[in-house]
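Each chain, letter by letter, is given below.
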Amino acid sequence: MHYIQNTSTDGMVASGGTDMFLAGVNRTIEAGARLGVHSWSDGSGKVALDYPRDHQEHIKYLDYYSVMGIPADFYWYTLEAASAENIHWMTAQEIAQYGILTD
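The text that follows walks through the structure, step by step, so that each part is easy to find. Predicted model, so just to flag it, every value in this text is computed and none were measured.

### Overview of the nonpolar core
No. 1: Core analysis: the largest hydrophobic core is formed by 20 residues, its most contacted members being Leu35, Phe74, Tyr75, Met90 and Ile100.
No. 2: Going through the elements one at a time, β4 (34–37), α2 (59–67) and α3 (72–81) are the ones with two or more residues in this core.
No. 3: The biggest single contributor to this core is α3, with 5 residues.
No. 4: Not counting residues up to four positions away in its chain, the partners in contact with Ile100 are Phe21, Leu22, Arg27, Leu35, Ile70, Phe74, Met90 and Ile95.

Listed below in structure tokens is the structure:
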């Protein structure tokens, strides 16, 4: 089964929704749509950047992005783009840089 993900002109996808959006085989957005990213927290007060880059906590995310065809650099970018309590709305340049769209 192939999934097509499209975010309409007034739509937005953020946080875990962005990860779901990345699962689409065909990913498109229309002008005005927004994609949001941020770091994660483990619930115990530690955030992603508290763990060294080679820590096992990062592996599940890196593996997921790899399967989705998204470069590992995207994962590290999301951790630095905004804290776990905030959202960074990606620019068109960032969306292109990380190969988010398929069309």
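### Looking at the packing of α2 against α3
Angle between the axes and distance between the axes: these two values describe a pair of packed helices.
No. 1: Two elements in contact, α2 and α3, have axes whose closest approach is 8 Å; the angle formed by their N-to-C orientations is 130°. Relative to α3, α2 is oriented oblique. Along this stretch, α2 crosses α3, giving a crossing that reads as right-handed. Contacts between α2 and α3 pair Tyr61, Leu62 and Tyr65 from the former with Ala72, Phe74, Tyr75 and Trp76 from the latter.
No. 2: Of the residues that constitute the contact of α2 with α3, the class distribution is 7 nonpolar, no polar and no charged.

### Things to note about α3
Residues spaced three or four apart along an α-helix face the same direction, because each turn holds 3.6 residues.
No. 1: Listing the buried residues of α3 in full gives Phe74, Tyr75, Trp76, Tyr77, Thr78 and Leu79.
No. 2: At its buried positions, α3 is contacted by β4, α2, β5 (88–89) and α4 (92–97).

### Describing the sheet that holds strand β2 (residues 12–14)
No. 1: Taken in spatial order, the 3 strands make up an open sheet running β2-β4-β5, and their pairing is mixed. Two strands lie at the open edges of the sheet, namely β2 and β5, each paired on one side alone.

### Comments concerning the side chain of His58
No. 1: Inspection of the secondary structure puts His58 in the loop between β4 and α2.
No. 2: What His58 contacts, discounting residues up to four positions off in sequence, is Trp40, Ala48, Tyr51, Pro52, Arg53, Tyr75, Trp76 and Leu79.

### Remarks on the pairing of β4
Successive side chains on a regular strand alternate, one facing one side of the sheet and the next facing the other.
No. 1: Note: β2 against β4, 3 bridges, orientation parallel. Its bridge partner lying in β4, Val13 is registered against Leu35.
No. 2: Pairing of β4 with β5 involves 2 bridges; the strand directions are antiparallel. Residue pairing across strands places Gly36 opposite Trp89, the latter belonging to β5.

### What about the packing of aromatic side chains?
No. 1: Evaluated as defined, the whole model comprises 10 aromatic pairs.
No. 2: Considering the side-chain rings of Tyr65 and Tyr75, the 6.1 Å spacing of their centres and the 45° angle between planes classify their relative orientation as tilted. With Tyr65 in helix α2 and Tyr75 in helix α3, the pair connects residues that are 10 residues apart, well separated along the chain. For the pair Tyr65 and Tyr75, one class covers both residues: buried.
No. 3: Geometrically, the ring pair formed by Tyr75 and Trp76 is edge-to-face, given 4.8 Å between the ring centres and 65° between the ring planes. A single burial state applies to Tyr75 and to Trp76, both of which are buried.
No. 4: Arg34 extends its terminal NZ or CZ atom over the ring of Trp89, reaching a point 4.0 Å from the ring centre.
No. 5: Sitting over the face of the ring of Tyr51, Lys46 holds its NZ or CZ atom 4.4 Å from the ring centroid.

The rules behind the values
Residues numbered from 1 in each chain as written. Predicted model: local features only at pLDDT ≥ 70, side-chain atom pairs only at ≥ 80, totals over all residues. Heavy atoms only, no water. Core = buried A, V, L, I, M, F, W, Y, C linked by side-chain atoms within 4.5 Å. Buried < 20%, exposed > 50% of the residue type's maximum accessible area, 1.4 Å probe, protein only. Helix = DSSP H or I, 4+ residues; strand = E, 2+ residues; numbered from the N terminus. Contact = heavy atoms within 4.5 Å. Axes fitted to C-alpha atoms, helices over the stretch in contact; angles between N-to-C directions. Parallel < 35°, antiparallel > 145°, perpendicular 65-115°, else oblique. Left-handed = near helix turned anticlockwise from the far one by under 90°. Nonpolar A, V, L, I, M, F, W, Y, C, P; charged D, E, K, R; others polar. Pairing = 2+ DSSP bridges. Phe/Tyr/Trp six-rings, centres within 6.5 Å; stacked < 30°, edge-to-face > 60°. Lys NZ or Arg CZ within 6 Å of the ring centre and 35° of its normal.

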